[in-house]
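# Summary of the model geometry
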Amino acid sequence: MENLRKGFPVLEQYTYLNTAASGLLPESVWEFRQNHDLDFLLGGSVFKEKQADILTETRELVGEFFKCVPSQVALVPNFSYGFNTLLEGLEKPQKALLLKNDYPSLSWAVESRNFQISYAEIDQNLEKNIAEAFENQQPDFFAFSIVQYINGIKIDLDFIKKLKQKYPETLFFADGTQFCGTEEFNFEESGLDVLICSTYKWLNAGYGNAFMLFKKEVEGKIAPKALGFGSLQGKYKAHEGNFIGKFEPGHQATLNYGSLAEALKLIRKIGISEISSRIESLSTKAKSEFTKMELLEESVVNRKAHSSIFNIKGGEKLFQYLKSKQIIVSQRGEGIRISFHYFNTKKELDFLIKELKKFDV
């Protein structure tokens, strides 16, 4: 276990339980970034000749990890850019379904446009609420986060797959930012039409990079309008009218996307099954302990499966107390958000529980 922590110097000084806010930068990614900019410094346009190789490798690694053909992978700077570009490609007006109080970057993008919007509640009956909304509204598209950023409620992806089979004409758009990198995921076999993920959280890839995965069938239903010289550059985009290229119209930042490639190589080295197992083990124990202490909302306690993100009862005083103990968490919603990644340990969880009990006394 200690070997998995060595590449993250932050862990030497903090109990870092805040991946849901920002992932850590691994030393291997930092080293790539140093070498990348040194090559640019010394090579100028000679270095530019390597750019296509970096982007191709990144696209292929993303496709490999999330089971999507590389030609259906778009590399974008962040979730918001990708999602807004996607929405601009939809004919309006359309009926949209959202989850109430979902991630603002998702909700605001839809709400700012001329869509007819309905909402499903996020609670212990999340899937039932969504199914009823589909029956009543029959939306043209459903946009949602796989894992909720405030309390960590995770949607049942098997349910989504069955729902897509029942409503094949509805487009399913998912935000995977709080999900990708926590467990194995097969996009091709999922019920999703598009998945978008910023990679600075659970993939530990740094800022300024994200990806989009598309099912081939989406191309006839979305008409993205962005276009530039970069739209036709590269191994997977070099033909007129390329769909993926319209999400990549300009110069691509090889520092950022190369960082994503290096982060994925680290995950491959560790093994996504090992990562998933460690996260699930910590999450199960944390939920049990937090439930005993009556720190969780009922909707989280009563769900069978959960992510590794928790929102416990507590305000500014608790937040500052934990901070004084070098425990890094976030204030979100009405409580304190705590999140566990594979580099966290049972010892850190025990330390957190001990300090929470001390504060309660």
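Above this note sits the structure.
This text gives an overview of the structure that appears in the document. Keep in mind that this is a model prediction, so the values were computed, not measured. (Residues numbered from 1 in each chain as written. Predicted model: local features only at pLDDT ≥ 70, side-chain atom pairs only at ≥ 80, totals over all residues. Heavy atoms only, no water.)

## Side note on the sheet that holds strand β9 (residues 309-313)
The test is simple: When DSSP locates at least two bridges between a pair of strands, those strands are taken to pair. The numbering of helices and of strands both runs from the N terminus, where a helix is a DSSP run of H or I of at least 4 residues and a strand a run of E of at least 2. Lines fitted to C-alpha atoms define the axes here, with helix axes fitted over just the stretch in contact, and angles between the N-to-C directions of these axes take values from 0 to 180 degrees.
Taking strand neighbours across the sheet as the criterion, the three strands line up as β9-β12-β11 in an open arrangement whose pairing is antiparallel. Each edge of the open sheet carries a strand with a single partner, namely β9 and β11 (330-332). With strand direction ignored, the average angle separating the axes of adjacent strands in the sheet is 40°. Two strands pair when backbone bridges link them, and β11 and strand β12 (residues 335-339) are joined in this way by three bridges, in the antiparallel orientation. Within β12, the residue paired with S330 across the bridge is R337.

## Focus: the environment of D156
Under the convention used in this document: Residue exposure (1.4 Å probe, protein chains only): buried if accessible area is under 20% of the type maximum, exposed if over 50%, otherwise partly exposed.
Considering the arrangement of structural elements, one finds D156 in the loop between β5 (141-145) and α8 (157-166). D156 sits in the partly exposed class, given a relative accessible area of 36%. Along the primary structure D156 and L17 are separated by 139 residues, whereas in three dimensions their C-alpha atoms are 24 Å apart.

## Examining the packing of helix α10 (residues 272-292) against helix α13 (residues 346-360)
The following threshold applies: Here roughly perpendicular refers to angles of 65 to 115 degrees, roughly parallel to angles under 35, roughly antiparallel to angles over 145, and oblique to all remaining angles. Left-handed describes a crossing whose near helix is turned anticlockwise from the far helix by less than a right angle; the clockwise case is right-handed. Note on contacts: a residue pair is in contact if any heavy atoms of the two residues lie within 4.5 Å. In this classification, Asp, Glu, Lys and Arg are treated as charged, Ala, Val, Leu, Ile, Met, Phe, Trp, Tyr, Cys and Pro as nonpolar, and every other residue, Gly included, as polar.
Close contact between α10 and α13 brings their axes to 11 Å; oriented N to C, the two are set at 15°. Relative to α13, α10 is oriented roughly parallel. α13 is crossed by α10, and the crossing has right-handed handedness. For the pair α10 and α13, the contacting residues are L282, K285, A286, E289 and F290 in the first and K346, L349, D350, L352, I353 and L356 in the second. For the contact of α10 with α13, the class distribution of residues is seven nonpolar, no polar and four charged.

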